[in-house]
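Summary of structural features
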Amino acid sequence: MTKKEKFQLVENYIIEHQNAHYRLAFSYVKNKESALDIIQESIMKALRSIDSLEEIHYLKTWFYRILINTSIDFIHKNKRVIVVEDNILDFHLPAHENDIPDIDLYEAIDHLPAVYKTIIILRFFEDMKIDDIATTLGENTNTIKTRLYAALRKLRSNMEEKVDV
């Protein structure tokens, strides 16, 4: 496959799945502009390293890995600055006293170590299979299962602590 054909396939894939890519980036940074910056940077990285895509059927996992790593890098570079959009604030402020969304769950997920957070997001928000997550992250399937269960235990523990308080 020529480089031009690879570029065309990558371009089509990115356009076709742009909403999923945005959701994934947004799940890390909780800000529209930052998520769009992450996507833009991920696209640039993908196009610069298109030669590393040897098997075209791994396109999704290849691009997800770039997107996840770019998201994590962005968080590390911008640790001190937290920008929150108005609609996120509205989400956290219930309209009625009894109308409280699952804020604690999202906060608990945000406080997980990056490796656990990534697995939770890919499994439950992106609906990826464990084998696909393993391929995306370059890990063994059993390692992903172990980390997923550890992340779920940690989430459960954190949620129970919030209920006890």
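The shown structure was predicted, so the numbers you read here are calculated from the model rather than taken from an experiment. (Residues numbered from 1 in each chain as written. Predicted model: local features only at pLDDT ≥ 70, side-chain atom pairs only at ≥ 80, totals over all residues. Heavy atoms only, no water.)

**Overview of the side chain of Glu-126**
- Mapped onto the secondary structure, Glu-126 falls in the loop between helix 7 (114–125) and helix 8 (130–137).
- Owing to a relative accessible area of 11%, Glu-126 belongs among the buried residues under this scheme.
- Side chain to side chain, Glu-126 and Arg-23 meet in a polar contact 3.5 Å long.
- Look past the residues within four positions of Glu-126 in its chain and what remains in contact with it is Ala-20, Arg-23, Leu-24, Tyr-64 and Ile-121. (Helix = DSSP H or I, 4+ residues; strand = E, 2+ residues; numbered from the N terminus. Buried < 20%, exposed > 50% of the residue type's maximum accessible area, 1.4 Å probe, protein only. Polar contact = N/O pair within 3.5 Å; in protein donor to acceptor, adjacent residues only side chain to side chain. Contact = heavy atoms within 4.5 Å.)

**Thoughts on a nonpolar patch on the surface**
- A cluster of nonpolar side chains, contributed by Met-1, Leu-9 and Ile-56, occupies part of the molecular surface with about 260 Å² of accessible area.
- Looking at where Leu-9 falls in the secondary structure, it is placed in helix 1 (residues 3–16). (Patch = residues over 30% accessible without salt bridge, like charges linked within 9 Å, V, L, I, M, F, W, Y side chains within 5 Å. Areas by Shrake-Rupley, 256 points an atom, 1.4 Å probe, with all protein chains shown as cover. Salt bridge = Lys/Arg side-chain N within 4 Å of Asp/Glu carboxyl O.)

**Comments concerning the layout of surface pockets**
- Estimated volume of the second largest pocket: approximately 160 Å³.
- Forming the boundary of the second largest pocket are Ser-52, Leu-53, Glu-54, Glu-55, Tyr-58, Thr-61, Trp-62, Arg-65, Ile-66, Thr-135 and Thr-136.
- Secondary structure elements with two or more residues in the lining of the second largest pocket: helix 4 (59–77) and helix 8.
- The element contributing the most residues to the lining of the second largest pocket is helix 4, with four residues.
- For the lining of the second largest pocket, the per-class residue count stands at four nonpolar, four polar and three charged. (1 Å grid on protein atoms, 1.4 Å probe; cavity = no way out; pocket = protein on both sides within 12 Å on 5 of 7 lines; lining within 4 Å. Points joined across faces, edges and corners; volume = space filled by probe spheres on them. Nonpolar A, V, L, I, M, F, W, Y, C, P; charged D, E, K, R; others polar.)

**Side note on the environment of Tyr-116**
- Looking at the element boundaries, Tyr-116 is found in helix 7.
- Accessibility expressed as a relative area gives 21% for Tyr-116, which makes it partly exposed.
- Each C-alpha atom, one on Tyr-116 and one on Ile-144, is 9.2 Å from the other, the two residues being 28 residues apart in sequence.
- What Tyr-116 contacts, discounting residues up to four positions off in sequence, is Arg-147, Ala-150, Ala-151 and Lys-154.

**Details of the packing of aromatic side chains**
- All chains considered together, the criterion is met by two aromatic pairs.
- With a centroid separation of 6.2 Å and an interplanar angle of 75°, the aromatic rings of Tyr-13 and Phe-63 are classed as edge-to-face. Of this pair, Tyr-13 sits in helix 1 while Phe-63 sits in helix 4, placing them 50 residues apart in sequence.
- One cation-aromatic arrangement involves Lys-60 over Tyr-64; the distance from NZ or CZ to the ring centre is 5.6 Å.
- One Lys or Arg, Arg-123, reaches over the ring of Phe-124 and ends 5.7 Å from the middle of that ring. (Phe/Tyr/Trp six-rings, centres within 6.5 Å; stacked < 30°, edge-to-face > 60°. Lys NZ or Arg CZ within 6 Å of the ring centre and 35° of its normal.)

Everything listed here is a matter of geometry and, on its own, says nothing about what the molecule does.
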